[in-house]
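# Geometric and topological summary
Spelled out from the first residue to the last, the chains are:
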Amino acid sequence: MNEDVAKGRHAGTSPWPLDGIAVERKSVSILGATGSIGDSTLDIVENHPELFEVVALTGGGNVQKLAEIALKVRPRFVAIADETKVSELRERLSDLSCEVAGGTEGVCAAAEVPCDLTVSAIVGFAGLAPTLAALDACGTLALANKESLVCAGGLVREKANQNGVTILPLDSEHNAIFQALGNDRMADVEKITLTASGGPFRTWAQSDIAAAGPEHALKHPNWSMGAKITIDSATLMNKGLEVIEAHHLFPVTPDQLSVVVHPQSIIHGMVSFIDGAVIAELGIPDMRTPIAHCMAHPNRISTRVERLDLAKIGNLTFEAPDFERFPNLALALSALADGDCATNLLNGANEVAVQAFLHKRIGFYDISGVVESVLADGNGAFRGHNGFTCFDDAADVDQFARKRAEERIALV
Ligand code: NAD
Ligand code: MG
């Protein structure tokens, strides 16, 4: 287990007792508060006002929603990434005594407000700079923004270690694995398995998938999430990003990481040990469970999540992933083998291609076509690249990937 995650796993006596004695509220910052993970996080805060106090909020461009949240939770700092909306935000929050800022700088300033816990839930590479900023200000980072690990995992881990910040995995599969590991020794772990729902096209023929549009790909069978991750789930890129994420969170070799398709999404992750035991975490697919686990860690708190009734569900089924119909998974695994630079290129190309697919500029399989060609170009351009030492290095590679991806898309 990497040092930062390990600290969370082996936390000793709770600094935050829940046994009826007075409890000091945890101060919480929510980066990406207007998104799907933001909604689920705020549901937990609303359910436990005695435990959490929100001190900072950020949003991308939805000024109305961000202002509504701020008026409800009354934080000290609110930032909106879209600078053109700052004055409107300021106006809407004129009755609150809180600081209001805009742009990437404003979002990073919000991330720098000192707090006990930061929930990092901005989507995409845009989450990397605020995540790095949060590592200077928080005690614990609950990480949903998997792209920050995919783009610059070494950098994020190093900063967390330097600053003594614990990273807790909020992504459901990684949170499940974290729970399944318990206090076992990593040396006794044989294999880590992430489950994948298989997405909306799991049973579709390749020719039908090829003709699918965003209206089909956005219909996820089990999870309700933001648009980008929903498309990533349909292409299985999400599982590829998650294998890379797992590689950064848990000290196992890539060949110890595996994926199994489990259409019911009841088992979220599993750990296989050297004695043949397999420990899994189960639950209804609802992000409030892993978020609550991170927020309450090392304790547990109640949630308003529907309870699991296995007799009602009946069958839990499993199948191997199909790399032919879902080539993005293979591309992600090969990028993992090539290192931080390749996974950064993979992410940048994918983000651009997913947006182009959502805007109907390209077809479903053009997403993997774009990613594959950008990886080939980038692996040549950055041959011998040996990990990122600062944010700007990672941003340069990301910019290269985006530019090349746009060029490829123009040829489609
Ligand atoms: P979402 O699209 O619903 O929300 C994204 C948030 O980021 C919003 O608040 C948006 O305003 C903000 N944002 C977008 N662009 C921004 C920018 N340039 N600068 C600053 N803020 C910006 O996405 P989501 O589904 O909540 O996912 C958020 C992250 O959590 C992603 O990295 C995703 O992979 C991860 N995640 C999500 C789920 C889920 O169930 N939704 C599960 C696991 C992991
Ligand atoms: Mg996940």
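Residues numbered from 1 in each chain as written. Chains lettered and ligands numbered in written order. Predicted model: local features only at pLDDT ≥ 70, side-chain atom pairs only at ≥ 80, totals over all residues. Heavy atoms only, no water.

### So, the overall build of the chain
- Scanning the chain from terminus to terminus reveals 18 helices and 11 strands.
- For the chain, the C-alpha radius of gyration of 21 Å lies close to 22 Å, the compact-globule estimate for 412 residues.
- Considered along the principal axes of its C-alpha atoms, the chain spans approximately 60 × 55 × 45 Å.
- Within the span of the chain, comprising 412 residues, buried residues form 57% of the whole.
- Of all intrachain contacts in the chain linking residues separated by at least 6 positions in sequence, the fraction that spans at least 24 positions is 69%.
- Computing the positive centroid from 33 side-chain charges and the negative centroid from 53, the chain places the two 3 Å apart. (Helix = DSSP H or I, 4+ residues; strand = E, 2+ residues; numbered from the N terminus. Rg over C-alpha atoms; globule rule 2.2 N^0.38 Å. Buried < 20%, exposed > 50% of the residue type's maximum accessible area, 1.4 Å probe, protein only. Contact = heavy atoms within 4.5 Å. Lys, Arg positive; Asp, Glu negative; His and termini not counted. Charge placed at Lys NZ, Arg CZ, Asp CG, Glu CD.)

### Let's talk about the environment of V259
- Tracing the sequence through the fold places V259 in strand β9 (residues 257-261).
- You can call V259 buried: its relative accessible area is 17%.
- Those residues in contact with V259, other than ones at most four positions away along the chain, are L194, A196, K239, V243 and P321.

### Some remarks on the site of ligand 1
- Lining the immediate surroundings of ligand 1 are 22 residues, of which T34, S36, G60, E147 and G226 lie closest.
- Contact between ligand 1 and V123: an oxygen atom at 3.5 Å from a main-chain N or O atom of the residue.
- In this structure, G226 approaches ligand 1 through a main-chain N or O atom, which is 2.9 Å from an oxygen atom.
- Among the elements of the structure, α2 (36-47) and α7 (146-163) are those that each provide at least two residues to the shell around ligand 1.
- In terms of residue class, the shell around ligand 1 is made up of 11 nonpolar, 8 polar and 3 charged. (Near = heavy atom within 4 Å. Polar contact = N/O pair within 3.5 Å; in protein donor to acceptor, adjacent residues only side chain to side chain. Nonpolar A, V, L, I, M, F, W, Y, C, P; charged D, E, K, R; others polar.)

### Regarding helix α17 (residues 364-381)
- Across its 18 residues, α17 extends 27 Å between first and last C-alpha, which sits within 8% of the 26 Å expected from 1.5 Å per residue.
- Taken as a whole, α17 has its buried residues at F364, I367, S368, V370, V371, S373, V374, L375, D377 and G378. (Expected span 1.5 Å × (residues − 1).)

### Looking at the coordination of the magnesium ion (ligand 2)
- Coordination of the magnesium ion (ligand 2) by the protein is provided by D171 (OD), E173 (OE) and E242 (OE), with metal-donor distances spanning 2.1 to 2.2 Å.
- Taken in chain order, the donor set of the magnesium ion (ligand 2) reads D-x1-E-x68-E. Of the two residues, E173 sits in helix α8 (residues 172-181) while E242 sits in helix α12 (residues 237-249), which places them 69 residues apart along the sequence.
- Residue classification places E173 among the buried positions, given a relative accessible area of 7%. (Donors = N, O, S within 2.8 Å, 3.2 Å for Na, K, Ca; no water.)

### Topic: the sheet that holds strand β8 (residues 189-196)
- Pairing within the open sheet is mixed, and its 4 strands lie in the order β9-β8-β10-β11. At either end of the open sheet lies a strand with only one pairing partner, and these are β9 and β11 (278-282). Between one strand and the next, the sheet's axes are offset by a mean angle of 20 degrees, whatever the strand orientation.
- The pairing of β8 with β9 spans 5 bridges and is classified as parallel. Residue T193 lies in a different strand from β9, and its bridge partner there is S258.
- Taken strand by strand, α12 contacts β8 and β9, and its axis lies near 150 degrees from that of β8. (Pairing = 2+ DSSP bridges. Axes fitted to C-alpha atoms, helices over the stretch in contact; angles between N-to-C directions.)

### A few points about the nonpolar core
- Counting residues in each nonpolar core, the largest one holds 130 residues, and the members touching the most others are L57, L89, L93, L170, F250 and L346.
- Ranked by the residues each element gives to this core, the list is headed by helix α16 (residues 340-358), at 10 residues.
- Among all residues touching L93, those that are not within four sequence positions of it are A67, A70, L71, V78, C98 and V100. (Core = buried A, V, L, I, M, F, W, Y, C linked by side-chain atoms within 4.5 Å.)

### Concerning the side chain of H248
- On the secondary structure map, H248 appears in helix α12.
- Among the polar contacts listed, one links the side chain of H248 to the backbone oxygen of L149, at a separation of 3.4 Å.
- Only 3.1 Å separates the side chain of H248 from the side chain of R157, close enough to count as a polar contact.

### Section: the environment of E158
- Summarising the element assignment, E158 is placed in helix α7.
- According to the relative accessible area criterion, E158 is partly exposed, its value standing at 47%.
- Sequence separation between E158 and T389 is 231 residues, and the spatial gap between their C-alpha atoms is 9.6 Å.

### Remarks on the packing of helix α15 (residues 327-338) against α16
- For the pair α15 and α16, interaxial distance at closest approach is 7 Å and the crossing angle is 150 degrees. Contacts between α15 and α16 pair N328, L331, A332, A335, L336 and D338 from the former with A342, T343, L346 and N350 from the latter.
- Class assignment of the residues belonging to the contact of α15 with α16 gives a composition of 6 nonpolar, 3 polar and 1 charged.

### Examining unusual backbone geometry
- Residue P298 is reached from H297 by a cis peptide bond, and omega for that bond is 10 degrees.
- Phi is positive for R74, close to 50 degrees, though the residue is something other than glycine.
- Residue class for R74 comes out exposed when judged on its relative accessible area of 55%.
- Backbone geometry places K360, a non-glycine residue, at a positive phi of 60 degrees.
- By relative accessible area, K360 is classed as exposed at 57%.

### Some points on the side chain of E351
- Looking at the element boundaries, E351 is found in helix α16.
- A polar atom in the side chain of E351 sits 2.7 Å from the backbone nitrogen of F125.
- Residue contacts for E351: discarding those within four places in its chain leaves G124, F125, E147, K228 and R402.

### Considerations on the sheet that holds strand β7 (residues 166-169)
- Strand order in this open sheet of 7 strands is β4-β3-β2-β1-β5-β6-β7, and the pairing throughout is parallel. Two strands bound the open sheet, and with one partner strand each, they are β4 (99-102) and β7. Neighbour-to-neighbour, the strand axes of the sheet open up by a mean angle of 20 degrees, direction not taken into account.
- Summarising the sheet, strand β1 (residues 26-31) and strand β5 (residues 115-120) pair through 4 bridges and their orientation is parallel. Within β5, the residue paired with V28 across the bridge is L117.

Honestly, it's all geometry; don't read function into it.
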